[in-house]
Amino acid sequence: MNVLGSALGDIYSFAIYCYFPVALAVFVFGCVYRILRMVFFWHRPMKAEPRRRGAGAVFIGLIRTFLDPILFSLRYRKWGFVFGLLFLHLLGVIPLIFLLAHHVAFFAYLMPFYSIVWPFAIPLSATSSVLTVTAPIEPYSQMSFTFVNTVWGPLTIILNGDVLTVLALVGTSFKIGTKIYERFVKGLRNARITDILVYAILLEVLITGYLAARHHPPTPVGTDIIVYRMLMGLHVLGASTLLAILPFTKYWHIIFGYWYGKFHEWYDLRVRRGAV
Amino acid sequence: MSHTQLLQTILEEVKKVVRWEGFDGKRVDEAVKRVLAGIDVVKLHYLENCVGCGACAPSCPYFYVDEKYSPVNKAEEARRIYRKKLTIAGMILGPLVEARLPKNEEDLDRVVEFVYRCTNCGACYTACPFGIDSGALMVLMKSFSTVVGRVPTIMAFLEAVERLEAYKEIPALVNAWKNVVDQINRELGRVVELDRKGSKVLYLPTLIDVISYPKAVVATAKLLDKLGLDWTMPSEPIGIRPPIAVVIGLSDRAKIVLKRVYDYIESIGPEIVVLIDGGFVYPLLRFELPIRLNVKPRFRVMHIVELLVESIEKGRLKLKYVEDKVTWHPPCQMTRRGGLTIEPEYVLKVVSRGFRRLPHHGLESYCCGGGGGIGCITFEFIEAIAKMFGVDAKQLISSDKERRFIEETEKAYKIALKRKIDDIKKSGAEIVVTACPTCMRTIALGAKLYGVNVKVLHIMEYLYDKI
Ligand code: SF4
Ligand code: SF4
């Protein structure tokens, strides 16, 4: 087995060189399919004259369209807010996916323009992030990016892969737990089985990513790389699966559903009907 | 044909539609087709992009009756049909991906139960982080429910009476209309020329306005005169509360009535149409008429509060100042669906030093729980209608099963409205002013049930002696 090269000899190589491109293709196809579906259902209706309240009201309306549901959740669904929005989204997967240094490196490799995100990248481990604050020494070796004196400053004590992954794990587990409870104890059908499954895939991605990043579990010297590549392979497999199913599952909200929904609501409620 | 015979014919027609027992596959197929036909790009978003987070749940008045009435759980009924018929995964995997058509009596009973636990208030729409309007999906399911026959007889009856214009033959209603017109003439000291073509303003009260708050109808006429406007009004009502068909989800029948209303307005040719109903009639005529009829109206539809604000701001109207402890209950249709979030409060602040907002107001205001026809599904209401129309109340309840449904709905309604009443209590108001007849009845009922001493008035009723 070629464990270090790029041959398709292990899970990692398979995941990166075979599975990921296929997942990407499925993702692109899925996106096109979903958008075309919407176009197909679109027809131009005769619209009533909108109520004109002025640009200021329309702008404030835009902010409130995005903000109000968050405040509503904070007031009426505190657990959902803390575990769902805060842990899972804001402090979990969003910074992890888009800002974790390893992901930035990977995305920048695929899409060079993504390098602009480097100044906002967050380090992988809690230990190194503490060191960037307590012992901010530039590394001797030449590196394209160092975490010394970053824009996040002492915030890297929280904004690092370790802490954020733990929060995301807690948030995802909470979601899975509540979904199972709602579905199987309370019998509510809005807790969908497919949603539980896609959360389980996310959990797998988080766990394997965390273990790989920490080089866990400890293995005898020399075999470490094998375990590492296996975990990374599983991580990439899971992440690629998420990418492939994104257009067909609830994750579609990340790139389309959320934005379409909010902008439509803003136009309908604030621009057209003039609610302030 | 005498009005009694006419009503009996209507009741016969209604009987053929209403079916609370059994499962008729043909009707279900037809109903599924209706649901699918009602899907456009926006509803596609509502159907597809819900992540099931449940954030919308606390916004719904019926969530406080039972968790199963959360907006998302109710809307799943529409999603299950959609997935089964219009998604590949749903067609292949069926229940594994929550795709399933109603297939037995129990399913139909659950659909109608969910449908009449939604007022289409729109609170879930603004609470949802994804802008998903579960109320709109429940309207789709309402059409399903009606087509399969699970529709309250009282609603089917009122819809048919309005569509066939039978209300014009009912003595009690004809007299109610005539009395209001007479009173307007007396108060104005002149005879208002009804249906006058070329009038700049067409004042369009409906039968429900005249029955629920005749004083408000008269006060509006007084206001129009006081503002020196060139106005007229219909010589006979354009509908009971047109189009009632929307309340049971029948858009094709709603179109018939709406077209009649539109043609009448066009025959007068006004620049402005003034409404005083703040319920569904307002957003329907203001925003949906062009979409439903595919026309570009030449007139502007205004609610009376808009005219009040405009007149006050331009200094054309001075109102008597008082110290009443008064608050405004925002009808969901006029506020969340109609966008009139600030106008009524503006007017009431001008009138009373004692005006106070409800703790939950504007877009965040609590729904009273009576909309979507729910406020009409009570024994008291059914008896009142039977008396008014001169029919036997028993004819307005088709079976024991429907009777049980009414009982359950009434029970749920009385729980759902409590949140609103608590809000009113907290405000310390002694007078609740609003603009929707259903809200008025609901709040009055709630105040009685939960021991809150408030007077409930239509805004024009409240302003009657202040103009
Ligand atoms: S808040 Fe929106 S996305 Fe969440 S369950 Fe309700 S409708 Fe679905
Ligand atoms: S529209 Fe109102 S009543 Fe209907 S589900 Fe949404 S919040 Fe509940």
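As the structure is a computational prediction, the values presented were derived from the model and not from experiment.

1. Notes on the overall build of chain B
And step 1. Scanning chain B from N- to C-terminus turns up 22 helices and seven strands.
And step 2. Since a compact globule built from 467 residues should have a radius of gyration of about 23 Å, the 22 Å found for chain B is in line with a globular shape.
And step 3. The dimensions of chain B, computed from C-alpha atoms along their principal axes, are 70 × 55 × 45 Å.
And step 4. Looking at chain B as a whole, 64% of its 467 residues qualify as buried.
And step 5. Looking at chain B alone, contacts between residues at least 24 apart form 82% of all its contacts between residues at least 6 apart.
And step 6. Carbon and sulfur atoms form 53% of the exposed surface of chain B, whose accessible area is close to 16,700 Å².
And step 7. Here chain B carries 69 positive and 58 negative side-chain charges, and the mean point of each set is 2 Å from the other.

2. Considerations on helix α14 (residues 281-293) of chain B
And step 1. Its 13 residues place the ends of α14 of chain B only 15 Å apart at the C-alpha level, less than the 18 Å of an ideal helix rising 1.5 Å per residue.
And step 2. Along α14 of chain B, the sharpest change in direction is near 55° and occurs at Phe287 of chain B; proline Pro290 of chain B comes one to four residues later.
And step 3. Summarising burial for α14 of chain B: ten of the 13 residues are buried, a large majority.
And step 4. Every buried residue of α14 of chain B is accounted for by Val281, Tyr282, Pro283, Leu284, Leu285, Arg286, Phe287, Leu289, Pro290 and Leu293 of chain B.
And step 5. The inward-facing, buried residues of α14 of chain B abut α9 (252-272) of chain A together with α13 (251-268), β3 (272-275), β4 (300-303), α15 (304-313) and α16 (332-335) of chain B.
And step 6. Looking at the residues trailing α14 of chain B, positive phi occurs at Asn294 of chain B, about 55°.

3. Section: the interface of chain A and chain B
And step 1. At the interface, 51 residues of chain A touch 66 residues of chain B.
And step 2. Summing both sides of the interface, chain A and chain B together bury roughly 4,900 Å²; the carbon and sulfur share of this comes to 52%.
And step 3. There are nine salt bridges connecting chain A and chain B.
And step 4. We note a salt bridge from Glu306 of chain B to Arg51 of chain A, for which the minimum N-O separation is 3.0 Å.
And step 5. Taken together, the links from chain A to chain B amount to 31 residue pairs in polar contact (both at pLDDT 80 or more).
And step 6. Of all elements in the fold, only α1 (11-41), α2 (55-76), α6 (161-185), α7 (193-213) and α9 of chain A reach the threshold of two or more residues within the side of chain A that touches chain B.

4. Here's the deal with the sheet that holds strand β1 (residues 201-203) of chain B
Residues and elements named next belong to chain B.
And step 1. Sheet architecture is open: four strands sit in the order β2-β1-β3-β4, paired in parallel fashion. Across the chains shown, the open sheet's two edge strands, defined by having one partner strand only, are β2 (231-232) and β4.
And step 2. Sheet topology places β3 next to β4; four bridges connect them, and they run parallel. Bridge pairing in β4 links Val274 to Met302.
And step 3. Of the strands in this sheet, β3 and β4 touch α14, which is tilted by about 155° from β4.

5. Observations regarding the site of ligand 2
And step 1. Close contacts around ligand 2 come from Cys60, Pro61, Pro71, Lys74, Cys118, Thr119, Asn120, Cys121, Gly122, Cys124 and Gly135 of chain B, and that covers them all.
And step 2. Of the residues belonging to the shell around ligand 2, the class tally is six nonpolar, four polar and one charged.

6. Notes on the sheet that holds strand β5 (residues 326-328) of chain B
Residue and element names in this part refer to chain B.
And step 1. The strand order β5-β6-β7 describes an open sheet built from three strands, whose pairing is parallel. The open sheet has two edge strands with one neighbour each: β5 and β7 (455-458). Each strand of the sheet is rotated relative to its neighbour by a mean of 30°, with strand direction disregarded.
And step 2. Looking at chain direction, β5 and strand β6 (residues 431-434) are connected through three bridges and run parallel. Bridge pairing in β6 places Val326 opposite Ile431.
And step 3. Strand contacts of helix α21 (residues 437-449): β6 and β7, with the helix running at about 175° to β7, the strand carrying the most contacts.

7. Quick word on the confidence of the model for chain B
And step 1. Mean pLDDT over chain B stands at 97; residues scoring 70 or higher make up 100%.
And step 2. For this predicted complex, the interface score ipTM comes out at 0.95, while the overall pTM is 0.93.

8. A closer look at the site of ligand 1
And step 1. Close to ligand 1 lie Cys50, Val51, Gly52, Cys53, Gly54, Ala55, Cys56, Val72, Cys128, Pro129, Phe130 and Ile132 of chain B.
And step 2. Looking at the shell around ligand 1, its residues break down into ten nonpolar, two polar and no charged.

9. Looking at unusual backbone geometry
And step 1. Across the junction of His216 of chain A and Pro217 of chain A, the peptide omega takes the value -10°, indicating a cis bond.
And step 2. Turning to its location among the elements, Pro217 of chain A is positioned in the loop between α7 and α8 (224-245).
And step 3. Here the bond from Pro242 of chain B into Pro243 of chain B is cis, since omega is -15°, no more than 30 degrees from zero.
And step 4. Note on placement: Pro243 of chain B falls in the loop between β2 and α13.
And step 5. Not every positive phi belongs to a glycine, and His215 of chain A is a case in point at roughly 55°.
And step 6. Turning to its location among the elements, His215 of chain A is positioned in the loop between α7 and α8.
And step 7. We note that Glu98 of chain B has phi near 60°; this positive angle belongs to a residue other than glycine.
And step 8. You can see Glu98 of chain B is positioned in the loop between α5 (88-93) and α6 (105-115).

10. Re the side chain of Glu76 of chain B
And step 1. Within the secondary structure, Glu76 of chain B sits in helix α4 (residues 71-86).
And step 2. Taking relative accessible area as the criterion, Glu76 of chain B reaches 1% and is therefore assigned buried.
And step 3. Within the structure, the side chain of Glu76 of chain B is placed 3.2 Å from the side chain of Arg83 of chain B, a separation counted as a polar contact.
And step 4. Ignoring anything within four residues of it in the chain, the contact list for Glu76 of chain B reads Arg189, Asn190 and Arg192 of chain A together with Arg83 of chain B.

11. Quick look at the pattern of salt bridges
And step 1. Scanning the model with the defined rule gives 56 salt bridges over all chains in all.
And step 2. Between Glu430 of chain B and Lys325 of chain B there is a salt bridge whose closest N-O contact spans 3.9 Å. On the criterion of sequence distance, the pair formed by Glu430 of chain B in the loop between α20 (418-427) and β6 and Lys325 of chain B in the loop between α15 and β5 is long-range, its members being 105 residues apart.
And step 3. A relative accessible area of 45% places Glu430 of chain B in the partly exposed class.
And step 4. As a salt-bridge pair, Lys411 of chain B and Glu408 of chain B come within 3.4 Å of each other at their nearest N and O atoms. Residue Lys411 of chain B and its partner Glu408 of chain B are located together in helix α19 (residues 400-416), separated by three residues, close to a single helical turn.
And step 5. Among the charged side chains, a network of salt bridges with common partners joins Arg189 of chain A together with Glu77, Arg100, Asp107 and Arg110 of chain B.

12. With respect to the nonpolar core
Residue and element names in this part refer to chain B.
And step 1. Ranked by size, the top nonpolar core spans 217 residues in total, and within it Phe144, Phe157 and Phe389 carry the most contacts.
And step 2. Each of two domains, domain 1 (19-150) and domain 2 (170-317), supplies a minimum of three residues to this core.
And step 3. Phe157 has contacts with Leu7, Ile10, Leu11, Val14, Ile385, Phe389 and Leu396, leaving out every residue within four places of it along the chain.

13. A look at the packing of α6 of chain B against helix α8 (residues 134-148) of chain B
For any two helices packed against each other, one specifies the crossing angle of their axes together with the interaxial distance.
All names here are of chain B.
And step 1. Interhelical geometry of α6 versus α8 gives an angle of 130° and a closest axis separation of 9 Å. Judged by the angle between their axes, α6 and α8 are oblique. The crossing of α6 and α8 is left-handed. Listed contacts from α8 to Leu108, Val111, Val112, Phe114 and Val115 of α6 are Met138, Met141, Lys142, Phe144, Ser145 and Val148.
And step 2. In terms of residue class, the contact of α6 with α8 is built from nine nonpolar, one polar and one charged.

Conventions we followed
Residues numbered from 1 in each chain as written. Chains lettered and ligands numbered in written order. Predicted model: local features only at pLDDT ≥ 70, side-chain atom pairs only at ≥ 80, totals over all residues. Heavy atoms only, no water. Helix = DSSP H or I, 4+ residues; strand = E, 2+ residues; numbered from the N terminus. Rg over C-alpha atoms; globule rule 2.2 N^0.38 Å. Buried < 20%, exposed > 50% of the residue type's maximum accessible area, 1.4 Å probe, protein only. Contact = heavy atoms within 4.5 Å. Areas by Shrake-Rupley, 256 points an atom, 1.4 Å probe, with all protein chains shown as cover. Lys, Arg positive; Asp, Glu negative; His and termini not counted. Charge placed at Lys NZ, Arg CZ, Asp CG, Glu CD. Expected span 1.5 Å × (residues − 1). Bend = angle between axes of the 7 residues up to and from the residue. Buried area = accessible area lost by both parts, 1.4 Å probe. Salt bridge = Lys/Arg side-chain N within 4 Å of Asp/Glu carboxyl O. Polar contact = N/O pair within 3.5 Å; in protein donor to acceptor, adjacent residues only side chain to side chain. Pairing = 2+ DSSP bridges. Axes fitted to C-alpha atoms, helices over the stretch in contact; angles between N-to-C directions. Near = heavy atom within 4 Å. Nonpolar A, V, L, I, M, F, W, Y, C, P; charged D, E, K, R; others polar. pLDDT = per-residue confidence, 0-100. Core = buried A, V, L, I, M, F, W, Y, C linked by side-chain atoms within 4.5 Å. Domains from an automatic or database assignment. Parallel < 35°, antiparallel > 145°, perpendicular 65-115°, else oblique. Left-handed = near helix turned anticlockwise from the far one by under 90°.

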